[in-house]
Amino acid sequence: MCGAELKTLPEGVQRVAAALQAQNHTHMPRMLDDAARTAQQAADALGILVGQVAKSIIFRRKSDDAAVLVVTSGDRRVDEKKVEAHVGKVGRADADFVKQRTGFSIGGVAPLAHATPPVTLIDRDLLRFDVVWAAAGHPHAVFALHPSDLERLTGAPVVDVVQEGPAP
């Protein structure tokens, strides 16, 4: 992606593209025709399984008000108790908190390039896929990666933080 192309993208997507370029990631953000605010919408737009969507869930850590990012498969539901075992007590994050801490709106939260670096956990269930797609800073933007790239790009550990079985 050249500089001129990059400047036409929304600001959040530009941040993600710059972070990906800085880490020599080969797949740059791709703009979709329709919004992909949910894992199912993203899967439908890309023609992939919903599990191949690396969804970013933000929690608010109660002890210090830090943002906690959990990246998991679109077909899984996060188990808050498992998250708390790694980072301490958490609560739900509202849209204002998400925007303030990440710089992204809900539906476009990327796993990297946050305004304030979050505490990040990657769910190991993502590793069952060869390729996953993550939000790229805007509800219309996504990028492809191998699940193990998430470790390299974020420096986060791979752990078990989902409920047993697929999400309802």
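To keep things clear, this report deals only with the structure shown in the data block. (Residues numbered from 1 in each chain as written. Predicted model: local features only at pLDDT ≥ 70, side-chain atom pairs only at ≥ 80, totals over all residues. Heavy atoms only, no water.)

**Considerations on the overall build of the protein chain**
Step number 1: From N to C terminus, the protein chain includes 6 helices and 8 strands.
Step number 2: When the helices and strands of the protein chain are read in sequence order from the N terminus, they spell out α-α-β-α-β-β-α-β-α-β-β-β-α-β.
Step number 3: The C-alpha atoms of the protein chain give a radius of gyration of 15 Å, which matches the 15 Å a tight globule of 168 residues would have.
Step number 4: With respect to the three principal axes, the spread of C-alpha positions in the protein chain is 45 × 30 × 25 Å.
Step number 5: Expressed as a percentage of the 168 residues in the protein chain, the buried residues total 51%. (Helix = DSSP H or I, 4+ residues; strand = E, 2+ residues; numbered from the N terminus. Rg over C-alpha atoms; globule rule 2.2 N^0.38 Å. Buried < 20%, exposed > 50% of the residue type's maximum accessible area, 1.4 Å probe, protein only.)

**Quick word on helix α4 (residues 80-87)**
Step number 1: Residues V83, E84 and V87 constitute the buried set of α4. Angular distribution of buried residues about the axis of α4 spans 100°; they occupy a single face of the element. Residues K81 and A85 are exposed on α4 and point more than 90 degrees away from its buried face.
Step number 2: In the core, the buried residues of α4 are packed alongside β2 (53-61), β3 (67-73), β4 (90-92) and β5 (119-123).
Step number 3: Capping the start of α4 is the job of one residue whose side-chain oxygen sits 3.0 Å from the backbone nitrogen of K81: D79.
Step number 4: Once α4 finishes, G88 follows within two positions and takes phi at roughly 95°, a positive value. (Arc of directions from axis to C-beta. Contact = heavy atoms within 4.5 Å. Polar contact = N/O pair within 3.5 Å; in protein donor to acceptor, adjacent residues only side chain to side chain.)

**Here's the deal with the environment of P10**
Step number 1: Relative to the elements of secondary structure, P10 occurs in the loop between α1 (3-7) and α2 (11-22).
Step number 2: Judged by relative accessible area, which is 27%, P10 ranks as partly exposed.
Step number 3: Once the C-alpha coordinates of P10 and P157 are considered, the two residues, 147 residues apart in sequence, prove to be 29 Å apart.
Step number 4: Discounting chain neighbours no more than four positions away, the residues touching P10 are M31 and H138.

**Remarks on the nonpolar core**
Soluble globular proteins: nonpolar side chains tend toward being buried together.
Step number 1: Membership of the largest hydrophobic core comes to 31 residues, with the highest contact counts inside it found for V16, L20, I58, L126, F143 and L145.
Step number 2: Counting residues per element, the ones that place at least two in this core are α2, β2, β3, α5 (95-102), β6 (132-135), β7 (141-145) and α6 (147-154).
Step number 3: If you tally residues by element for this core, the top one is α2, at 5 residues.
Step number 4: Excluding residues within four positions of it along the chain, L145 makes contact with H25, D130, V131, V132, A134, L150 and L153. (Core = buried A, V, L, I, M, F, W, Y, C linked by side-chain atoms within 4.5 Å.)

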